[in-house]
There are 2 protein chains.
Amino acid sequence: MATMKDVAERAHVSTATVSYVLNGTGTVTLATRQRVLSAVAALNYQPNHAARSLRTRARTLGLVLPPGPAGLGDPALAELVAGLSEAAATSGYYLLLAPSGDRPEYELGADLARTGRVDGLVLLDLRCDDQRAAHLVAAGVRCVGAGAPDAGTPCPAVGLDLAQGAADATRHLCALGHTRIAMIALPTDLADSEPFYQGFVAALAASGREADSALIVEAGTSQDDGFAAMQELLAHPEPPTACLAASDTLAFGAMHALRDAGLEVGRDLALIGCGDLPLAAHTHPALTTLRAPRRAMGAALAHCLIALVERRPIPPATRLPLQLIIRKSTAPPPGA
Amino acid sequence: MATMKDVAERAHVSTATVSYVLNGTGTVTLATRQRVLSAVAALNYQPNHAARSLRTRARTLGLVLPPGPAGLGDPALAELVAGLSEAAATSGYYLLLAPSGDRPEYELGADLARTGRVDGLVLLDLRCDDQRAAHLVAAGVRCVGAGAPDAGTPCPAVGLDLAQGAADATRHLCALGHTRIAMIALPTDLADSEPFYQGFVAALAASGREADSALIVEAGTSQDDGFAAMQELLAHPEPPTACLAASDTLAFGAMHALRDAGLEVGRDLALIGCGDLPLAAHTHPALTTLRAPRRAMGAALAHCLIALVERRPIPPATRLPLQLIIRKSTAPPPGA
DNA sequence: ATTAAGCACTTAATCGGTTAAGCGGAGTAT
DNA sequence: ATACTCCGCTTAACCGATTAAGTGCTTAAT
């Protein structure tokens, strides 16, 4: 493997000069530069990454994958990772994947940063009062969060405009004539939970309705959680005619519960999800949902984190817009 | 950030001794070892990765992501990556994701290896007479391929037992009473194409049938390719009553073509896919398919590549078994 | 003419580890 | 008693880059 020394010898200069040419620093005459560059080309030289990052950065971003059976199998995460890795690559960074296994995420992340293996970290599924972020920032680790930041979030974050999305979805249900509209929420410790709820309530208020707290149920994140939540809603003395689920996965579970109860999704109860997973277009009926630009979110995370790492000004925290995709799971209320 | 020198001072030894303790090499008395270890603990020391890999390995595996809109969005790939990264992590390696963008895959891979950024590479979708593998192996890069290796494959490979899988699927179709069985093949330059075809032909022969070459059409990999392939089969003067598609994606396209032709999948033509993508269970009718253990495949790739990197004997090339998942897209032939 | 400033380089320190070689001292064989 | 071998540790070279400091030369300023 050719080293910088080899290049220097071939170009009859010192390694310092080679380094200056390659990094565009220092002052080098045209003739010398050309000799160096042709030596580089002739030897097919590329600087050793370890040696370089010993003095500078690793040019690597880290992503700690939370444990759990789905992992990267979750299409939403996979898309985000795709956008993240591609945007990072165009800025000369690569993405290191670190499955946390049974170690705490923040611990693994701190190790990766402390050993200089990565320059910064992406935190998935930002929580309210996120302990991982707190630990890492306190340890001097640069990181950005994926999710809606609240006031106390100690690091920059990139999120979806869930308030807008939930409001759009709710307006659509209102426009169809629904008045008893339920909502299945994500766990409130997820940062994305609150703005979604706010958008829901705001849109209801804007159309003269009021949120009925009995029709708002907090669920987990799994399909089973959505199933249970819908069962709870159906047990209500005066059940809703429409429901907004904070994720597609919850909506899928809700659909099962409706089918089990002998109800037809769309005709008997209008249902909207959030995320637009690939499956959403293929359920029966196809799920009306909010499309989340996960790739763009990954890209935005990359840009933000790289700016942070390079001590450049951080791009303003944009909320990425959701798009309502109307399919077959929404219809006017029964008897309307 | 604490360095090894700090640890050495605190334990009143040289950095060499610290290194010996941490790596388990050299001979160190129990007392010294304990002094070192408690200094390490007290300082929360972890060795700098760049410094370490300057002399040894990077303990990093590389995965070059082929260009294309799907990328990691393809669930089959995402699952493989999940298995790969998890298995690598349990052996102390992490996975570096490098989207190739518009650069040739082998070139990017060669760069990553030459710069010492990764110790080895995983090549996706191994081709017949794979040029990437040839280039990389010639350049002294350690790599393993994902896909069925043929005799000339210059590197170890991990693949599915497609011959067995295709045979199982074909037998199932024969058992249902089909005689005119078609096959939609992957591009023949993919290494996985041939064994699938062989399994198909062998199972037909074993049940006394012969493959009709007019019923075997080579397609691309996209849904549109599957669509076109099925149209071609339906244009046949004596169309098939069953069809085995070499991938779920091709099968999805074929289903659309059948629907467009006014035919009902299952009743009018039995269809089997391969891979068992999440969508396969949600098409209408649900697709009978061969379940591919993509996570296990990723894990096997990791084990193989790490063995290669550490110059240990390479695990014997196992073909991972496919499991036939019978759903609703297969039925006896019309009028049987 | 003299000094100062700039240019185009080189020298050498440095990053933080790994590891071959060396070196006392204790234990064993002759 | 002498030599030989291990053991447990240290010294220092080394990995391959970056970069501060230094050097000799040319050119501009006084």
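Here the structure is shown first, and the text comes after it.
An account of the accompanying structure is given in this report. Note that the structure is predicted; figures quoted are calculated from it, not measured. (Residues numbered from 1 in each chain as written. Chains lettered and ligands numbered in written order. Predicted model: local features only at pLDDT ≥ 70, side-chain atom pairs only at ≥ 80, totals over all residues. Heavy atoms only, no water.)

### As for the layout of surface pockets
- Estimated volume of the second largest pocket: approximately 950 Å³.
- If you list the elements that add at least two residues to the lining of the second largest pocket, you get α2 (15-23) and α4 (49-55) of chain A together with α4 (49-55) and α6 (105-114) of chain B.
- For the lining of the second largest pocket, the element with the highest residue contribution is α4 of chain A, accounting for four residues.
- Looking at the lining of the second largest pocket, its residues break down into 16 nonpolar, eleven polar and ten charged. (1 Å grid on protein atoms, 1.4 Å probe; cavity = no way out; pocket = protein on both sides within 12 Å on 5 of 7 lines; lining within 4 Å. Points joined across faces, edges and corners; volume = space filled by probe spheres on them. Helix = DSSP H or I, 4+ residues; strand = E, 2+ residues; numbered from the N terminus. Nonpolar A, V, L, I, M, F, W, Y, C, P; charged D, E, K, R; others polar.)

### Details of the pattern of salt bridges
- A complete count under the given rule lists 29 salt bridges over all chains for this structure.
- Of the charged contacts, one joins E310 of chain A and R312 of chain A as a salt bridge, the two residues approaching to 2.3 Å between their closest N and O atoms.
- On the accessibility criterion, E310 of chain A (23% relative accessible area) is partly exposed.
- According to the relative accessible area criterion, R312 of chain A is partly exposed, its value standing at 42%.
- With a shortest N-O distance of 3.5 Å, E86 of chain B and R295 of chain B are connected by a salt bridge. Of the two residues, E86 of chain B sits in helix α5 (residues 75-90) while R295 of chain B sits in helix α12 (residues 294-309), which places them 209 residues apart along the sequence. (Salt bridge = Lys/Arg side-chain N within 4 Å of Asp/Glu carboxyl O. Buried < 20%, exposed > 50% of the residue type's maximum accessible area, 1.4 Å probe, protein only.)

### A closer look at the protein's contact with DNA strand C
- The immediate surroundings of DNA strand C are formed by 26 residues, with T17, T29, T32 and R55 of chain A together with S19 of chain B found nearest.
- In DNA strand C, the atoms that sit within 4 Å of the protein are 64% sugar and phosphate, with bases accounting for the remainder.
- Take T32 of chain A: an N or O atom from its side chain is 2.6 Å from a phosphate oxygen of DNA strand C.
- Residue Y20 of chain B places a side-chain N or O atom 3.2 Å away from a base nitrogen belonging to DNA strand C.
- Secondary-structure elements contributing two or more residues to the surface near DNA strand C are α2 and α4 of chain A together with α2 (15-23) and α4 of chain B.
- Here the surface near DNA strand C is composed, by residue class, of twelve nonpolar, eleven polar and three charged. (Near = heavy atom within 4 Å. Polar contact = N/O pair within 3.5 Å; in protein donor to acceptor, adjacent residues only side chain to side chain.)

### Observations regarding the protein's contact with DNA strand D
- Every one of the 27 residues lining DNA strand D counts as a neighbour, but M4 and S19 of chain A together with T17, T32 and R55 of chain B are closest to it.
- Within 4 Å of the protein, the contacting atoms of DNA strand D are drawn from sugar and phosphate to the extent of 65%.
- A distance of 3.3 Å is found between a phosphate oxygen of DNA strand D and a side-chain nitrogen or oxygen belonging to N23 of chain A.
- By residue class, the composition of the surface near DNA strand D is twelve nonpolar, twelve polar and three charged.

### Describing the interface of chain B and chain A
- Chain B puts 42 residues into the contact, and the matching count from chain A is 42 residues.
- Area buried by chain B at its contact with chain A is led by Y94, R114 and R117 of chain B, which between them contribute 19% of it.
- If you look at where chain B meets chain A, you find zero salt bridges.
- In this assembly, chain B and chain A are joined by 18 residue pairs in polar contact (both at pLDDT 80 or more).
- Contributions of two or more residues to the side of chain B that touches chain A are made by α4, β1 (60-65), α5, β2 (94-99) and α6 of chain B.
- At seven residues, the largest contribution of residues to the side of chain B that touches chain A is made by α5 of chain B. (Contact = heavy atoms within 4.5 Å. Buried area = accessible area lost by both parts, 1.4 Å probe.)

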